[in-house]
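Structure at a glance
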Amino acid sequence: MNGDQRFRRPALPRSQPIRNWSTLFGGPAGAPAPPGASGRPGDASVGDAISRSVALGYRVVDEYLQQGQRAAQRLADRSYGPANVAHDVQDVTARMVRYTSELLATWVDFLQVSGGAAETRSTAAETNGAPGASPDGAAYAAPVGQATRVRLEVVTSRVVTVSVELAPEAATRPATAHALRSADQDKPRLTEVSLRPDAGGPAVLRVCVPDDQPAGVYSGLVVDDEASRLVGTINVRIGGSPDDERSRPTPP
Amino acid sequence: MTSDLVPRLLEDYGNRTRVALCEYLRPRAPQRHLYNLVADYPRRGGRMLRPSLCLATARAFGASADEALTSAVALELLHNAFLVHDDVEDESDERRGRPTLHAIHGVPVAINVGDALVVLGIRALTDNRRTLGTRLALCVLEEAAHMACESVEGQALELGWRRDNALYLTDADYLEMVLKKTCWYTTIFPSRVGALIGTREPQSLDRFVRFGFFLGAAFQIQDDVLNLQGDEARYGKESSGDLWEGKRTLMLIALLRAARDDERTRLSAFLSLPRPERRAADVRWVRERMAAYGCVDYARQVAHALAGAARHECTALYAGLPRTRDREFIEALPGWVLARN
Amino acid sequence: MKVERQEGRPVKVAIVGGGCASMAAAFELTRPVHRGRYQVTVYQLGWRLGGKGASGRGPAGRIEEHGLHVWMGWYENAFRLVRECYEELGRDPVRCPIAGWRDAFVPAPLVGVADRDRGGSWTVWEQLLPPTEGLPGDPLPSGQRWTMRDYMIRTAVLLRSLLANVFRADPGGADSAATENPSAGTGGWSTQTVLDRIARFLRYGELATLTGLVQAVTVLEVMLGGLSQYPQNVALRFLDAIAGNARALIEARLDENPELRRVWQVLDLTFATLRGEIRFGVFNDPRGFDAVDEYDCREWLLLNGAAESSVSCGFLRALYDLGFSYEDGDPARPRVAAGHALRGIVRAFFTYRGAFFWRMQAGMGDVVFAPFYEVLKRRGVRFEFFHRLEHVRLVDPGRLAAGDAPYVEALAFDVQADVIGGREYQPLVDVGGLPCWPSTPDYRQLVDGVRVEHERWEFESHWDRRRARTRTLRVTDDFDVVVLGIGIGAIPFVAGDLLARDPRWRAMVDHVKTVATQAFQIWLACDLKELGWMSPPLTLAGFITPFDTWADMRHLLPREGWPTPPRGLVYFCSVLADSAASDDRSNGSFPAAQREEVRRNAIRFLNDEIVHLWPNAGEAPRRFRWDLLVDPTGSRGEDRFASQHWSANVSPSDRYTLTLPGSTAYRISPLDGTYDNLTIAGDWTECGVHAGCVEAAVMSGRLAAHAVSLSPPLEDIVGYDHP
C-alpha cells in the first residue's frame, strides 16, 4: 500500500464553535500564519503541521488538566489552617487582630454574662466574586445550618464584649484556647481562657478578665490539639469606647 | 502596538526584581563556599521573563507591583536553584556565557548552593505574609509547592529518557515533559500567582494552565532551536550544547522518528555514550541529519503553532480586563517568544 | 508530499450506522454540488435504518417505535434537511398520504406538565405556546448571530410579560397602561443614566408597585444590553431588589389565585438564571454556556438563589424527564449539565419557529428514514444491510512515517445474513400507500431465511452474535474515509484500538454516559375523553416514574392498517434503571429479562398510577380496566397487555445519550483531525449542541461531512456558533 496515494482528510480552517463573538481572535482563519516558515506559500503540509501541533497541544494540556481535576477531587479539601499554626501562635495572633474580619464570624455579643448557655450557629457564606469549582473556594463556605453549642462563662466585673467563632469540631474535640493578646505589646495577656469539654453537656468556654486589665481588644486562637488546626477565634473587647484597631472592612 | 514594549517592561520589572533580590543575597558567613556562590547565577543576568510575567499579571488584575514583588523574587531564586541543579544533572559546561557552577567549584559544592537557593526562595515565600496576609501567602506557598513538584516530575521524565536512552518518543511525550518541567515555573506559576495576588481570590486558576503551557512550550522549543542555530550567528561557531548533552528536544525526537534504521542505530549508539566520549564528528553528523530531514524547520513550525494558540488563549483569558500596558505586554509575549534571538 | 486524489476517481466513504447523524452526513456528501466526488456506502446492522429512531410496522400495520420522538421548533438543521429531502423526493400526493413535509410534520403547540399538589393529587398545567414567525428550516437572515446578550435581554422581556400577565386582572387597572409600552424612551440611555435610575429605584421604594417593577425590568433590559459596563454588585443588587419585590407582590395575591404559585416558580428560576449568568460571568465567557457545565442544573440554580420549591417544581422536572436526565437510569439521581440545560432552554423557548413541538404523522422510520433512503438511493448511495461493525482497526504506529497521522486501516464486519442471489436487499413495505419499514426482516429475501426466522435471530440485539460470515474492508481498496455514525454505547465494543491508544477516547467513553429507556404503546377501545382525560392531545412530562412522559398519539391511527380503527392510542416512556448485567455481553438472557421487567412495570403503572390522570380508567382501586385495550387475541384481564407493544431499549447502541455535569469537556468533535481518514457522527459528539436529540445528531452529521469535504461551511450549520 503506497502511503502517498492514500486519501487524507483536508486541513480544516476551523474546528471549534465560536461561542462568544466578542472574544474572537483573529480573522476567520484562526491560527496566525507563521512568519519565516520554510514552507512554500500554500504548501498544505505546513498547514497540516500547524493545525496538528495545535490540536496536539490542546490534547496534552487538556489531558493534564483533567487528571489534575480528578486528583483534586480525590484529596480532601485543602485546609485553611496550616499545620504550623500552633508553633507560631504568637506571630499569627498579632496579625489575626488585624485580619479578623477575613474570617467568617457569627458574632455573639454578651454583656456581663456569667453562666448560661450560648449557642453559636455557623451560617452559610455568601460566595461572591468567582465561585469556581476549585477547592480554594471552599475555604469561605461554612456548613449550612449547623449548630455548635458551647457554654460561655465570663467572669469579670468590667464591661466586656465577647465574640466567639468556633468550627463544629471545637465543641467536640480536644482543643486549646490560647491566651488572648492585644495588638499593643505592652498590655498584659488574658491568660485565664480555657475550653473544657464537659461530660454530658456542651463544652465550656471560660474567660476571666481581671479588674485591672487595660481597656482594649484582645484576641486569641482556639487550636485543635490533634491536628494542630485553627478551629476558632475568641475576641474580647474591654472598655466602653470602640477600639480603633478593630477589624478591616469585609472584603467584597 | 509598540515593538519594544516587551523588552522595555522586561528590563523595568527585571531591575525591580533584581534590586529586591539583592536583599536575600546579602553576604553572610560562610561566604566563600556558600553565600558568594549563591549570588553567582542570579548575578549573571537573564531575561527575567518569569518575574516580569508575574508582576505584569498582578498589575493587569489590579494589584500593585510591590504586592507581587516578593513572589517574583521567590520565583527567581527557585529558578536559579533549578538551573544550578539542572546543570549538574545535565553535565553542562556552560551557562549564560560562563562555565557552570559545578565546573568551577565541583559538584558537591554546587549541589549545596542549589539547596541554599531553594531555602532562600522558601523564605521569600513566607515573607509574603507581611504584604499579602496569611491566607493569600499560604495560597501562594501552595502554588509554589505544586509548581516545584511539577518541575521535579518533569525533570524526572527527561532524566529518565536519557538514562534509558529512549528512542521512540512522541511529540505528545515531549509536550507533556515541557508542560511539567518548564511551563509550570516559567509561565504557569507566574501567571497564576499574579492573578491570585491581583484578585485576592482563590479562584479557578486552571485557565492559566492552557495559556502558560502554550506560551512556555513555544518558548522552550524556540530556545532549543536557537541553541542549534543561534550560536552560529552570535559566536561564529557551532556550539550545539543540547546535542552534546543528548537532550531530547523536539528536533531530536523528530529525527529519531524519521531516520532510517541504520541511521537510528548510529544515533542510538551516539546517545548511549557518556558525554565525555562523544565526538565532534558525531555531533556534526547529527546536525546534518536534522537538516536533511527538516527537523529544525518542523520544530519552528510547531513553536509558531503553539505561540498562535497561546495568543488565542491569552485573548480569551484577559478579555474582561482593562486595556493596560501590562495586558498588552502579556498579549505581546507569544510574538516576542518567537521573534527574539 | 501529499498527493491530491487524481481527478476522476471518486472518494469512497464508508458510513457505519444508519441513524440521523449518518443520514445527514450521507445527504451532505452526495449533494449535486460535489458532482459525484464522494461514493458513499452505508453499512447498517439488521434490516432497517434509523438507529434509535428506527420504527417498524407490526400486526395490522400498527406503528411500533422505540419510544416517544418529538421534534422541536428549534431543530433548524434537522428540518432543513428533511424539507430538502421531501422536496427532492417529489412524491405524488394522490398516491401517497404523506407526500410533502407538512404532511409529515404537524405543529403540536400544547404541552403539559404534571404536578403533585400538597394533598397528593396530580394536576396538569397546560400551556399553549404561541406560534411564531416562519417555519423551522427556513433560511435565516444572513449574518444572524445568537449572543448571550440577546438571550439575556429576551429573558428580561419574558420577565416583564410574566409580571404583566400576573397583574392583568389587578384592580389597579390604571397600571396596565404602563405595562403596554414601558420601554418607550429608553433608547440611547447612557451608562450613567442607567446607574442613576437604578439608584433611584433602590432608594425610593418604587419597586413596591407594579408600575415600578415593570419599569425596573425595562431598565434591567437596558443594563443587560451592555452588562460589562456595570459593576457586578450593582447589577446583582438591582436584580435582587426586583426579585424580592416581585415575590412579595405575588405572595400577597396567592390566596386569591393559587395558580400564581406556578408563575412564581418560573419567575424564580428565571431570576436565578439571570443572577447566575452575571455572577459566573457566563455572558462574557468565551466558552458561552459551557462555562457552567461542571454543575448540575438544579444545583446551579440553587447556588444562584432559587428556592427549593421552585427547583423541584413540575416545570423543571419535566425538563429533566424530556432529556431522560437520570444517571444510570436511577430516578433518584436527576443530573444534567447546567450549561447545556440553559442552552437547551433558551433555544427551545426563544428560538422556536412555527410551533414549540412538531409531531410526526407516522412512525419516525416512515416519516424520516424511508424518504432519506429513497432519495439517497437515487443519488447513488449504496446500502449494505445486515452488516454489523465488529472492529475498527488502526494502522500499526510503527509503520507511520514522520509527521504522519494515524489512520484506519481496516473495518471488520459480521455479515448477519446474505441476500439470495447476492442481490440488493429491498427493505421497505407498503402500508396504506406509504413506504414503511417492517418490524421484522423480510426473511424470503435472505439466504437460510426460514432457519433464521425459526431460530429467531435478533439482528438488532447486542447479545445475539449469530452471523452468516465475516467481511473485512481495507483502506484504499474498499474505502478511503470512514464516518463512524454509531451510538457511543457501541464504541467500547468496536473501537478497541482507539481506546487502547488514545486517552481522549478512553476519557470520552468514561464520561459521556448513556441511559437505557423503556416504553410502551397501548391501543384503546375508548376515547380518552371517556376515560376522564378532558384535554386535547398533548405531550406531557413530569408525571410519576416510571413512565413519567406520555403522549396522546391518536393522530397516528389513520396511518395504521386496522380493519376497525381503535379509538385511542397512547405512548409512554421513561428511563430504565441499569443493573449489574447491563454490560455483560455474554449474558444472553439479559434483554429478555429486561423486556419482562418493562412489561411488569407497564402493568403495574396502568393498575396503580394512570387513574390519577384518567379517572375512569380503573374498575377498582389498583385495577386497570384491561378490557379497554384492543386485543385481537381475546385474552382476559392483564393478559390483554401481551398484545400491545413495549420495548426495553437496552442494546448499547440504543441507549440514550446523557449530558452529565462535567462530561461535555470530554466529547470529541467530528472536526477533530487526529485520524486523517476517520470522523465521527452522533449526538454524543462535540457538535455544538450537547443534547441527545435529532438536531444534535444532524448537526454532527453535517460536521462530519465538513470534515471530509469542507462542505457545508461551518457558518451554514445553524446554531453551531452559539453561546
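Bear in mind the structure is a predicted one, so any value in this text is a computation, not a measurement.

Each helix and strand in chain A was counted, giving three helices and nine strands. Scanning chain A from its N terminus toward the C terminus, one meets helices and strands in the order α-α-β-β-β-α-β-β-β-β-β-β. When burial is assessed residue by residue, chain A has 30% of its 252 residues classed as buried. In chain A, the share of contacts with a sequence separation of at least 24, taken over all contacts with a separation of at least 6, comes to 66%.

What follows covers the pairing of strand S6 (residues 193-196) of chain A. Residues and elements named next belong to chain A. With burial as the criterion, only one face of S6 is covered, namely that bearing Val193 and Leu195; the residues Ser194 and Arg196 on the opposite face remain uncovered. One ladder, built from four bridges, connects S6 with strand S7 (residues 203-208); its direction is antiparallel. Looking across to S7, one finds that leucine 195 is bridged to leucine 205.

Let's shift gears to the nonpolar core. Membership of the largest hydrophobic core comes to 111 residues, with the highest contact counts inside it found for Ala25(C), Ala26(C) and Val482(C). Broken down by element, the residue count for this core peaks at 10 residues, all from helix H20 (residues 694-709) of chain C. Apart from residues lying up to four places away in sequence, Ala26(C) is in contact with Ile15(C), Val40(C), Val42(C), Leu376(C) and Val381(C). Within the second largest apolar cluster, 110 residues are counted, among which are Ala60(B), Leu136(B), Val140(B) and Val209(B).

Quick look at the interface of chain B and chain C now. Listed per partner, the contact involves eight residues of chain B and four residues of chain C. Here the side of chain B that touches chain C takes three residues from helix H12 (residues 250-258) of chain B, the largest share from any one element. Across the side of chain B that touches chain C, the residue classes tally to six nonpolar, one polar and one charged.

Bringing the confidence of the model for chain A into the picture now. Detailed reading of the predicted model is not advised wherever pLDDT is low. Residues and elements named next belong to chain A. Looking at chain A as a whole, its pLDDT mean stands at 58, while 44% of the residues score no less than 70. For chain A, per-element mean pLDDT is lowest for strand S1 (residues 117-122), which scores 30, and highest for S7, which scores 86. For the stretch residues 24-45, pLDDT sits under 50, and the model shows 29 contacts to residues farther than four places along the chain or on other chains. Here residues 97-146 is a poorly scored stretch, pLDDT under 50, and it has 101 contacts once near neighbours within four places are set aside; other chains count.

We now examine the sheet that holds strand S6 (residues 105-107) of chain C. Residue and element names in this part refer to chain C. What the three strands build is an open sheet, ordered S5-S9-S6; its pairing is antiparallel. Each end of this open sheet is capped by a strand with a single partner; those strands are strand S5 (71-72) and S6. Pairing of S5 with strand S9 (residues 357-360) involves two bridges; the strand directions are antiparallel. Across the sheet, methionine 72 pairs through a bridge with phenylalanine 357, a residue of S9.

Residues and elements named next belong to chain C. Counting buried positions along strand S20 (residues 568-576) yields nine of nine residues, so the element is predominantly enclosed. Pairing analysis gives nine bridges linking strand S17 (residues 514-524) to S20, with the strands arranged antiparallel. The partner of leucine 524 across the bridge, within S20, is glycine 568. Both strand S19 (residues 549-552) and S20 contribute to a ladder of four bridges, which runs antiparallel. The residue of S20 that forms the bridge with alanine 551 is tyrosine 571.

Rules used throughout
Residues numbered from 1 in each chain as written. Chains lettered and ligands numbered in written order. Predicted model: local features only at pLDDT ≥ 70, side-chain atom pairs only at ≥ 80, totals over all residues. Helix = DSSP H or I, 4+ residues; strand = E, 2+ residues; numbered from the N terminus. Buried ≥ 20, exposed ≤ 12 C-beta atoms within 10 Å, placed from the backbone. Contact = placed C-beta atoms within 7 Å. Pairing = 2+ DSSP bridges. Core = buried A, V, L, I, M, F, W, Y, C linked by C-beta atoms within 7 Å. Nonpolar A, V, L, I, M, F, W, Y, C, P; charged D, E, K, R; others polar. pLDDT = per-residue confidence, 0-100.

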